[in-house]
Amino acid sequence: MTNDHPESPPRSGSEARPRPGSETRSRPGDGPPAAPRSASEPPTLTKSPFDSETFTSATFVTVGRGPDLALAAVWILARAGMLLLLVRDDLGIGGVGREVGLYQYWYGQFAAGTFPPGDAMWQYPPGAGLVVMAPGLLLPWLTYFKAFVALTLLADAVVTLALARADSARLTHGAWIWVCGLPLLLHLPLARYDVQTTALAVLALLALGARPAAAHRLGGALAGIGALVKVWPALALIGTPRGRTTREAWTAAAVTALVLLAALALFFSESLGFLRQQGSRGIQIESLGGTALAVARATGAWSGGVGFRYGAFEYVGPYVSTLGHLALLLTVLAFGWLLLWRLQARRWTPATPLDAALAAVLLFTVTSRVISPQYMIWLIGLAAVCLTSRDTVMRPVALLLLPAAALSSLAYPVLYADVVDGTPAGLAVMVLRNGLLLAAALLAARRLWTSTAAPDAE
């Protein structure tokens with residue numbers, strides 16, 4: 001589908017004829033060249049500096065490079081602040097960086113040729129092992145902690161550059177959403193490998209938007225790798241246009257994932273051990289189901305409590321198992337709705353794959369038994385990709401995600417003790433954060449459907 005843009009209106013016929021010996025230049029697509037004004041005629045305002053008769057190379061530097069320099073400056077300042085918080089690591093309950101110590105322990109297991117055997121904390125697909133091994137293999141002259149943070153910042157910078165390139169028309173704000181949205185999570189993104197996972201999904205979606213078939217296959221391959229790292233990047237392919245693009249992207253994703261899985265199974269034992277741990281997960285205190293139990297507990301309608309299981313605080317007591325099964329059912333229904341949407345969609349725009357990916361991940365997030373704070377990294381990244389397209393319908397959704405990210409930081413680590421204890425402050429933060437996520441998910445699903453599948457979308 002192509003979009004037709006109206007041409008610029010013709011210039012007024014009152015302009016003076018060109019002076020003898022003067023020359024006019026035009027750019028492709030600008031229409032007939034305009035005649036220069038006479039010396040006696042005063043200049044008038046123009047709509048763009050590119051239409052100005054005083055336009056020079058210096059003007060181009062100011063207009064073309066200024067936003068890039070501002071973006072880079074904000075990125076450096078924001079990431080410096082995040083690093084400072086990570087070095088101190090005493091905000092709220094503190095200890096955010098301890099997760100990197102767990103990665104380092106697992107790195108020792110991989111060095112012995114096995115995935116963490118029987119480790120209840122290892123709940124990730126086998127591709128995650130590549131991210132865990134990367135700091136020790138790629139930057140062996142640094143400590144594991146420093147190497148991990150350095151690679152996380154590198155992935156962050158790659159995402160920023162990719163979004164800025166996609167945002168080069170200066171008409172959208174995708175790169176700014178990422179650069180300014182990620183620090184709302186304070187220093188947590190630097191101590192989790194979700195930035196690397198989000199980078200795979202972002203690059204996959206941007207590649208799928210390119211014209212060459214090779215780019216579609218690259219996007220599919222990146223999504224396939226991401227699926228083996230943390231499953232959810234596979235949803236980047238849910239909105240690919242029907243036909244050749246879908247065949248190329250989905251085939252590349254399947255082949256890449258199978259080859260990578262076979263290689264990991266060949267060199268490491270217990271590569272699928274994570275499946276045993278996932279099936280035993282309960283209702284984490286930060287999930288929507290957990291918030292419902294917290295409200296019921298605060299009102300005296302539920303007599304359960306909180307326990308530390310599988311590396312997180314979960315609710316234990318009556319009805320928890322039933323609520324967990326309900327969450328799984330809602331996840332299945334969300335997947336069914338996405339399949340129905342794909343079958344019913346009648347109209348595709350360049351933004352449809354991006355919008356569909358954000359809507360899908362939001363639906364799977366709110367129906368999850370576990371909504372860890374790092375999930376917000378995924379959502380901010382996908383929202384940023386959506387905003388690189390002028391055709392996106394997800395701008396209101398992206399705006400909802402920003403305060404949700406800030407509230408996630410309040411929930412962990414700032415007020416995490418209150419969240420665990422179910423104090424009024426902790427309960428208020430979780431109700432507001434999860435309320436925003438639920439509203440964002442429902443709004444994203446509605447806007448995706450009405451813009452592509454509703455009868456009036458044709």
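The structure displayed is predicted, hence computed values, not measured ones.

Definitions and cut-offs
- Residues numbered from 1 in each chain as written.
- Predicted model: local features only at pLDDT ≥ 70, side-chain atom pairs only at ≥ 80, totals over all residues.
- Heavy atoms only, no water.
- Helix = DSSP H or I, 4+ residues; strand = E, 2+ residues; numbered from the N terminus.
- Buried < 20%, exposed > 50% of the residue type's maximum accessible area, 1.4 Å probe, protein only.
- Contact = heavy atoms within 4.5 Å.
- Phe/Tyr/Trp six-rings, centres within 6.5 Å; stacked < 30°, edge-to-face > 60°.
- Pairing = 2+ DSSP bridges.
- Salt bridge = Lys/Arg side-chain N within 4 Å of Asp/Glu carboxyl O.
- pLDDT = per-residue confidence, 0-100.
- Patch = residues over 30% accessible without salt bridge, like charges linked within 9 Å, V, L, I, M, F, W, Y side chains within 5 Å.
- Areas by Shrake-Rupley, 256 points an atom, 1.4 Å probe, with all protein chains shown as cover.
- 1 Å grid on protein atoms, 1.4 Å probe; cavity = no way out; pocket = protein on both sides within 12 Å on 5 of 7 lines; lining within 4 Å.
- Points joined across faces, edges and corners; volume = space filled by probe spheres on them.
- Expected span 1.5 Å × (residues − 1).
- Axes fitted to C-alpha atoms, helices over the stretch in contact; angles between N-to-C directions.
- Parallel < 35°, antiparallel > 145°, perpendicular 65-115°, else oblique.
- Left-handed = near helix turned anticlockwise from the far one by under 90°.
- Core = buried A, V, L, I, M, F, W, Y, C linked by side-chain atoms within 4.5 Å.
- Nonpolar A, V, L, I, M, F, W, Y, C, P; charged D, E, K, R; others polar.
- Polar contact = N/O pair within 3.5 Å; in protein donor to acceptor, adjacent residues only side chain to side chain.

Participant: Describe the overall build of the protein chain, naming the residues involved and giving the relevant values.
Facilitator: In terms of regular secondary structure, the protein chain is built from 16 helices and three strands. Buried positions account for 49% of the 458 residues belonging to the protein chain. Counting contacts in the protein chain only where the partners sit at least 6 residues apart, residues at least 24 apart contribute 73% of the total.

Participant: How would you sum up the packing of aromatic side chains? Please name residues and give values.
Facilitator: Taken as a whole, this structure holds 22 aromatic pairs when the rule is applied. With a centroid separation of 6.0 Å and an interplanar angle of 35°, the aromatic rings of Y103 and W106 are classed as tilted. Here the residue Y103 and the residue W106 both occupy positions in helix α2 (residues 98-111), the gap between them amounting to three residues, near one helical turn. Residue class for Y103 comes out buried when judged on its relative accessible area of 2%. With relative accessibility at 0%, the residue W106 sits in the buried group. With a centroid separation of 6.0 Å and an interplanar angle of 75°, the aromatic rings of W106 and Y124 are classed as edge-to-face. Of the two residues, W106 sits in helix α2 while Y124 sits in the loop between α2 and α3 (128-138), which places them 18 residues apart along the sequence. Across this residue pair, the class does not change: W106 and Y124 are buried.

Participant: A description of the pairing of strand β2 (residues 305-309) should follow, citing residues and the corresponding values.
Facilitator: In this structure, β2 lies alongside strand β3 (residues 312-316), joined through five bridges in antiparallel fashion. From the neighbouring strand, V306 faces β3, where its bridge partner is Y315. Hairpin connection, β2 to β3: the antiparallel pair is bridged by two residues, and Y310 has positive phi, about 55°.

Participant: Any chance you could break down the pattern of salt bridges for me, citing the residues and the numbers?
Facilitator: Should the charged atoms of two oppositely charged side chains come close, the side chains can pair. Going through the model one piece at a time under the given rule, you end up with five salt bridges. Between R244 and E248 there is a salt bridge, and its shortest N-O distance comes to 2.6 Å. Residue R244 and its partner E248 are located together in helix α8 (residues 244-267), separated by four residues, close to a single helical turn. For R244, a relative accessible area of 56% corresponds to the exposed category. Given the relative accessible area of 13%, E248 is considered buried. Across the pair R309 and E314 runs a salt bridge, and its minimum N-O distance is 2.5 Å.

Participant: Before we move on, can you summarise the confidence of the model for the protein chain with the specific residues and values?
Facilitator: Taken as a whole, the protein chain shows an average pLDDT of 85; of its residues, 82% reach a score of 70 or greater. Per-residue pLDDT stays below 50 along residues 1-63; that stretch engages in 48 contacts with residues further than four places along the chain or on separate chains.

Participant: Break down a nonpolar patch on the surface for me, citing the residues and quoting the values.
Facilitator: A grouping of L326, L329, L330 and L333 is seen on the molecular surface, where their side chains present a nonpolar patch of about 360 Å² in accessible area. According to the relative accessible area criterion, L330 is partly exposed, its value standing at 38%.

Participant: Kindly report on empty space enclosed by the protein, identifying the contributing residues and their values.
Facilitator: By the definition in use, this model includes one cavity of 30 Å³ or more. When its volume is computed, the largest cavity comes out at roughly 50 Å³. Looking at the largest cavity, the residues that line it are I285, G290, T291, A294, Y315, V419, G422, G426, L427 and M430. Every element with two or more residues in the lining of the largest cavity is listed here: α10 (288-298) and α16 (424-452).

Participant: Help me get a handle on the pairing of β3, residues and values and all.
Facilitator: Pairing of strand β1 (residues 283-284) with β3, which is carried by two bridges, proceeds in the antiparallel orientation. Bridge pairing links I283 to Y315 in β3.

Participant: Describe in detail helix α12 (residues 352-366), supporting the description with residues and values.
Facilitator: One turn of the α-helix equals 3.6 residues, which is why residues spaced by three or four share an orientation. Here α12 spans 21 Å end to end across 15 residues, near enough to the 21 Å set by a 1.5 Å rise per residue. Most of α12 is tucked away: 14 of the 15 residues are buried.

Participant: Explain the sheet that holds β1 residue by residue, including any values.
Facilitator: Spatially, the three strands line up as an open sheet ordered β1-β3-β2, and their pairing is antiparallel. The strands lining the two open edges of the sheet, one partner per strand, are β1 and β2.

Participant: How would you sum up the packing of α12 against helix α13 (residues 375-386)? Please name residues and give values.
Facilitator: Two elements in contact, α12 and α13, have axes whose closest approach is 8 Å; the angle formed by their N-to-C orientations is 160°. As far as their axial angle goes, α13 and α12 are roughly antiparallel. The two elements α12 and α13 cross, and the hand of that crossing is left-handed. Facing α12, whose interface residues are L354, D355, A357, L358, V361, L362 and T365, α13 presents Y375, W378, L379, L382, A383, V385 and C386.

Participant: Describe in detail the nonpolar core, supporting the description with residues and values.
Facilitator: Counting residues in hydrophobic clusters, the biggest one holds 118 residues, and the most contacted among them are W178, L358, L362, M394, L401 and L437. When residues of this core are assigned to their parent elements, the largest contribution, eleven residues, is made by α13. Residue contacts for M394: discarding those within four places in its chain leaves D355, L358, A359, C386, L387, A444 and L448.

Participant: Provide a residue-level description of the packing of α3 against helix α4 (residues 144-166), including the pertinent values.
Facilitator: The contact between α3 and α4 brings their axes to 9 Å, and the two run at 110°. Considering the angle they form, α3 stands roughly perpendicular to α4. α3 and α4 meet at a crossing whose hand is right-handed. Along its contact with α3, which presents V132, A134, P135, G136 and L138, the element α4 presents Y144, A147, F148 and L151. Of the residues belonging to the contact of α3 with α4, the class tally is eight nonpolar, one polar and no charged.

Participant: Report on the environment of G422, specifying residues and quantitative values.
Facilitator: Its location among the elements puts G422 in the loop between α15 (416-421) and α16. With 124 residues separating them along the chain, G422 and A298 place their C-alpha atoms 7.2 Å apart.

Participant: Provide a residue-level description of the environment of T299, including the pertinent values.
Facilitator: Assignment of secondary structure puts T299 in the loop between α10 and β2. The exposure class assigned to T299 is exposed, which follows from its relative accessible area of 59%. Within the structure, T299 has its side chain in polar contact with the backbone oxygen of A296 (distance 3.0 Å).

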